Amino acid sequence: MSRRIIPVADVSAMPDIAGAPLTPRGTLVDALVRPLRDLRISVTDRCNFRCVYCMPRAVFGKDYSFLPHGALLTFEEIERAARLFVAHGVDKIRLTGGEPLLRKDIERLVERLATLTTPDGRSLDLTLTTNGSLLARKAQSLKNAGLTRVTVSLDALDNALFKRMNDADFAPSAVLDGIAAAQAAGLAPVKINMVVKHGTNDAEIVPMARHFKGSGTVLRFIEYMDVGTSNGWNMTEVLPSADVVARIAEHFPLVPLEAHTPSETAQRWGYADGTGEIGVISSVTRAFCGTCTRARLSTEGKLYLCLFASAGHDLRALLRSGATDDEIATAIGRIWQAREDRYSQLRGSAAADTASNGLARVEMSYIGG
Ligand code: SAM
Ligand code: SF4
Ligand code: SF4
């Protein structure tokens, strides 16, 4: 019998949308005075990789039941929701998953989202995170559809190690071809995400830095996080970003760079010889909740206010209920206004346990990274 494990442990109550409408003015802030700026949309919970830290095969195996097609938000529903988020202040949208390039006709969704503009007339920063396996085929059509840029995940250059980490026999050369195609298509700057697992792929830090130095890409090292419940996370497998920077600086001197925006998650470092930059995302050792402006829309249309949330608000039900745009915008506004999430700041404390209410956290492949 097929089992449905994880995705969401509970559904948060929707706010009351009767009464005075909350008209979007692009100035919404949450309970900790954090504006709403970024929206991450998971377009599929499926993936052709089984990365050990995200979708371990023991959990996401043959018996795992992914969402049926009818449960997924349609492109029309995603566009409608995205338009209302943009009216509330979102100016950056990232498509993710699962593997977003597995969603059929993803370019058609990109086309729709690329037409959205902010209340003051700016076009969106419209990007996508991918494992790169299908990117060589799709980079140009995504660019033509209006995608601004792309982030590609790559955890190792070593063939055997990369295959062990993705557990699906994909070679790094396929991802490197995807990165080259994205650069050729002008999806710039291409960012490359490497999740560092201490004792697994940390020996790849310097070879990765050497490979991408001077290539026009921005390589970012992500601390291995305790997202979801299925990856068996352990603090001993986290290599602090400070160590990553020190290891690289032994070979290539680095200078600190200013953040582009206050809510940027990566700390930037430039190569002292001017051949580009790297970033480190210290989700575990240096929480950045204070500037977190991100909302997440899951594959089946639940709105999550934190990567580590255990429950989401059922926006799909509202989208399919006949509610007007004003009513949905009011719901989104009220949900954001009540937001107090700051899991990374509280990590390990009793307050974090209280915040999760003993419920299982949602999985990364469902909510999107
Ligand atoms: N499949 C796409 C990919 O891998 O790029 C998009 C979805 S994936 C969930 C988004 C990002 O989350 C990837 O860069 C991935 O490496 C990262 N990620 C997944 N699990 C993680 C974990 N436990 N800790 C840190 N990063 C993680
Ligand atoms: Fe798939 Fe991305 Fe998760 Fe790897 S990190 S299993 S590629 S969703
Ligand atoms: Fe944002 Fe939650 Fe991550 Fe903190 S833990 S930075 S609130 S997603």
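In this text the structure is predicted, and so the values were computed from the model without any measurement. (Residues numbered from 1 in each chain as written. Chains lettered and ligands numbered in written order. Predicted model: local features only at pLDDT ≥ 70, side-chain atom pairs only at ≥ 80, totals over all residues. Heavy atoms only, no water.)

*Asks:* Summarise the overall build of the protein chain; cite the residues concerned and give the values.
*Replies:* Within the protein chain, the secondary structure is distributed over 12 helices and 13 strands. Here the C-alpha radius of gyration of the protein chain, 20 Å, is about what a compact globule of 369 residues would show, namely 21 Å. Each principal axis of the C-alpha distribution contributes one length, and for the protein chain these read about 60 × 45 × 40 Å. In the protein chain, which comprises 369 residues, the share counted as buried stands at 55%. At a minimum sequence separation of 6, the contacts of the protein chain that also span at least 24 residues come to 74%. Put simply, the protein chain shows about 15,200 Å² of open surface, and 52% of that area lies on carbon and sulfur atoms. Computed over 43 positive and 41 negative side-chain charges, the separation of the two mean positions in the protein chain equals 2 Å. (Helix = DSSP H or I, 4+ residues; strand = E, 2+ residues; numbered from the N terminus. Rg over C-alpha atoms; globule rule 2.2 N^0.38 Å. Buried < 20%, exposed > 50% of the residue type's maximum accessible area, 1.4 Å probe, protein only. Contact = heavy atoms within 4.5 Å. Areas by Shrake-Rupley, 256 points an atom, 1.4 Å probe, with all protein chains shown as cover. Lys, Arg positive; Asp, Glu negative; His and termini not counted. Charge placed at Lys NZ, Arg CZ, Asp CG, Glu CD.)

*Asks:* Kindly report on the pairing of strand β4 (residues 125-130), identifying the contributing residues and their values.
*Replies:* Burial of β4 is extensive: 5 of the 6 residues sit out of reach of the surface. Summarising the sheet, strand β3 (residues 92-96) and β4 pair through 4 bridges and their orientation is parallel. Bridge pairing in β4 places arginine 94 opposite threonine 127. In this region the chain leaves β3, passes through helix α2 (residues 106-114) and returns to the parallel neighbour β4; the handedness of that crossover is right-handed. With helix α3 (residues 135-145) bridging β4 and its parallel neighbour strand β5 (residues 149-153), the resulting β-α-β unit is right-handed. (Pairing = 2+ DSSP bridges. Right-handed = clockwise from strand over helix to strand, strands pointing away.)

*Asks:* Give a detailed account of the environment of threonine 117, specifying residues and quantitative values.
*Replies:* Within the fold, threonine 117 resides in the loop between α2 and β4. Sequence separation between threonine 117 and aspartate 91 is 26 residues; the distance between their C-alpha atoms is 8.0 Å. Among all residues touching threonine 117, those that are not within four sequence positions of it are Val86, Arg122 and Ser123.

*Asks:* Can you break down the packing of aromatic side chains residue by residue, with the values?
*Replies:* Evaluation of the coordinates by the stated rule reveals 6 aromatic pairs. Considering the side-chain rings of phenylalanine 49 and phenylalanine 162, the 6.2 Å spacing of their centres and the 75° angle between planes classify their relative orientation as edge-to-face. You can see phenylalanine 49 sitting in the loop between β2 (38-42) and α1 (75-87) and its partner phenylalanine 162 sitting in helix α4 (residues 159-166), a full 113 residues away along the chain. Under the relative-accessibility criterion, phenylalanine 162 is labelled buried at 3%. Ring geometry for phenylalanine 252 versus tyrosine 271: centroids 6.0 Å apart, planes at 90°, classification edge-to-face. In this pair, phenylalanine 252 sits in the loop between α7 (241-251) and β8 (254-256) while tyrosine 271 sits in strand β9 (residues 267-271), placing the two residues 19 residues apart along the sequence. In this structure, phenylalanine 252 and tyrosine 271 share a single accessibility class: buried. Feature note: the residues Phe49, Phe162 and Phe170 constitute an aromatic cluster, connected by ring pairs. In this arrangement the basic side chain of lysine 197 is found over the ring face of tyrosine 224, its NZ or CZ atom lying 4.9 Å from the centre. Above the plane of the ring of tyrosine 271 lies lysine 213, whose end atom (NZ or CZ) is 5.2 Å from the centre. (Phe/Tyr/Trp six-rings, centres within 6.5 Å; stacked < 30°, edge-to-face > 60°. Lys NZ or Arg CZ within 6 Å of the ring centre and 35° of its normal.)

Scope: geometric values only; no functional claims are made or implied.
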